[in-house]
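# A look at the structure
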Amino acid sequence: MISLKNISKSFHIQSGRLEVLKNIQLAISKGEWVSIVGPSGSGKSTLLHIASGLLHPDSGDVCFNDTNIYQLTERQRSNWRRNHIGFVFQDFKLLPYYSVLDNVILPLYYDHPKHELRKKAKKLLHMMGIDESLFSRLPESLSGGEKQRVAIARALIANPDVLFCDEPTGNLDHENRNHIVQLFCQLHIQGKTMVVVTHDMEVAVHANHIYRLVNGMLARAEVRI
Ligand SMILES: Nc1ncnc2c1ncn2[C@@H]1O[C@H](COP(=O)(O)OP(=O)(O)OP(=O)(O)O)[C@@H](O)[C@H]1O
Ligand SMILES: [Mg+2]
């Protein structure tokens, strides 16, 4: 369903060039859950952004079924993302001037009847364990864990084919983390394709495949709980 072929990426930094990804190959089948682990700064977020159409690689291709996503125009790619991709950002990226509920419905705001959307968003927020009293609040007044769960609800509103999650449990306590893991397992059973970057082996271990990113290279990792 998604394949990354010969992906390389480096960044210009003050002291020269920082080579982050070196000739990465990765194939993800429909319905698979893939976890990516690796040290801080190893390029996990960079890889997820490239795989989901958010960041151009320096070289290589990202194909979604038969579509080479970096050969699309910006507008086509953004439509493709809206139709197929849900993304939970490491830093949430909730819009500060919109309520919790509006943040969740925003990805579909212009395309769907508002009443239906609100109903769906409320259901997702309930699933995430977000209390109704928070629905009208602005993101700045939420805790890190609450923001994280709102971000997951937003990523699911369009029922995406692929859910990309960058450290989706990084700010959660044990109970909420287990709740999200259960939810991810349910999504996986229902056939959702998922790519999850995590430091937490107890999250990673539920995947079909675990990869470790080290020194710009991706390798299959042993499953250890
Ligand atoms: N836009 C940028 N310009 C320069 N350097 C960058 C840029 N984005 C990322 N980097 C660098 O690339 C490397 C990989 O960053 P990335 O955010 O992908 O790591 P990560 O594995 O997600 O780390 P973490 O686990 O801490 O989230 C880091 O050294 C980072 O400083
Ligand atoms: Mg990261």
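Structure: above.
To start, this report covers the structure provided alongside it. Since we're looking at a predicted model, the values are computed, not measured. (Residues numbered from 1 in each chain as written. Chains lettered and ligands numbered in written order. Predicted model: local features only at pLDDT ≥ 70, side-chain atom pairs only at ≥ 80, totals over all residues. Heavy atoms only, no water.)

Here we come to the pattern of salt bridges. All told, the structure shown has seven salt bridges when counted by the stated rule. A salt bridge links D200 to R177; the nearest nitrogen and oxygen atoms lie 2.7 Å apart. With a gap of 23 residues between them, D200 in the loop between β8 (193-197) and α7 (201-204) and R177 in helix α6 (residues 174-189) connect regions that are remote in the sequence. A relative accessible area of 10% means that R177 is categorised as buried. (Salt bridge = Lys/Arg side-chain N within 4 Å of Asp/Glu carboxyl O. Helix = DSSP H or I, 4+ residues; strand = E, 2+ residues; numbered from the N terminus. Buried < 20%, exposed > 50% of the residue type's maximum accessible area, 1.4 Å probe, protein only.)

Another aspect to go through is the packing of helix α5 (residues 144-156) against α6. Taken N-terminus to C-terminus, the directions of α5 and α6 make an angle of 10°; their axes are 12 Å apart at the nearest point. The orientation of α5 relative to α6 falls into the category roughly parallel. The interaxial crossing formed by α5 with α6 has left-handed handedness. Here R149, I152 and L156 of α5 come into contact with α6, specifically with N176, I180, L183, F184 and L187. For the contact of α5 with α6, the residue count by class is six nonpolar, one polar and one charged. (Axes fitted to C-alpha atoms, helices over the stretch in contact; angles between N-to-C directions. Parallel < 35°, antiparallel > 145°, perpendicular 65-115°, else oblique. Left-handed = near helix turned anticlockwise from the far one by under 90°. Contact = heavy atoms within 4.5 Å. Nonpolar A, V, L, I, M, F, W, Y, C, P; charged D, E, K, R; others polar.)

Protein-derived ligands of the magnesium ion (ligand 2) are S45 (OG) and Q90 (OE1), with the metal-ligand distances lying across 2.0 to 2.2 Å. With S45 in helix α1 (residues 44-51) and Q90 in the loop between β6 (85-88) and α3 (100-105), the pair connects residues that are 45 residues apart, well separated along the chain. Residue classification places Q90 among the partly exposed residues on the basis of a relative accessible area of 42%. (Donors = N, O, S within 2.8 Å, 3.2 Å for Na, K, Ca; no water.)

The next thing to look at is a nonpolar patch on the surface. Residues F11, I13 and L18 make up a contiguous nonpolar surface patch of roughly 240 Å² in combined accessible area. As for its position among the elements, L18 is in strand β2 (residues 16-28). (Patch = residues over 30% accessible without salt bridge, like charges linked within 9 Å, V, L, I, M, F, W, Y side chains within 5 Å. Areas by Shrake-Rupley, 256 points an atom, 1.4 Å probe, with all protein chains shown as cover.)

To continue, consider the sheet that holds β8. Reading across the sheet, the six strands line up as β6-β7-β8-β3-β9-β10 and stay open at both edges, with mixed pairing between neighbours. Each of the sheet's edge strands pairs with one partner strand only, and the pair in question is β6 and β10 (217-220). Across this sheet, the average inter-strand angle for adjacent strands is 20°, counted without regard to direction. Of the pairings in the sheet, the one linking strand β3 (residues 33-37) to strand β9 (residues 209-214) comprises four bridges and is parallel in character. (Pairing = 2+ DSSP bridges.)

So, on to the site of ligand 1. Inspection of the region around ligand 1 gives 14 residues, with S40, G41, K44, T46 and Q90 positioned closest. Between S40 and ligand 1, the recorded distance is 2.6 Å, taken from a side-chain N or O atom to an oxygen atom. Between G43 and ligand 1, the recorded distance is 3.0 Å, taken from a backbone N or O atom to an oxygen atom. Coverage of ligand 1 by the protein amounts to 63% of the 630 Å² it exposes when considered alone. Counting residues per element, the ones that place at least two in the shell around ligand 1 are β1 (2-13), β2 and α1. Tallying contributions element by element places α1 first for the shell around ligand 1, with three residues. The class makeup of the residues in the shell around ligand 1 is five nonpolar, eight polar and one charged. (Near = heavy atom within 4 Å. Polar contact = N/O pair within 3.5 Å; in protein donor to acceptor, adjacent residues only side chain to side chain.)

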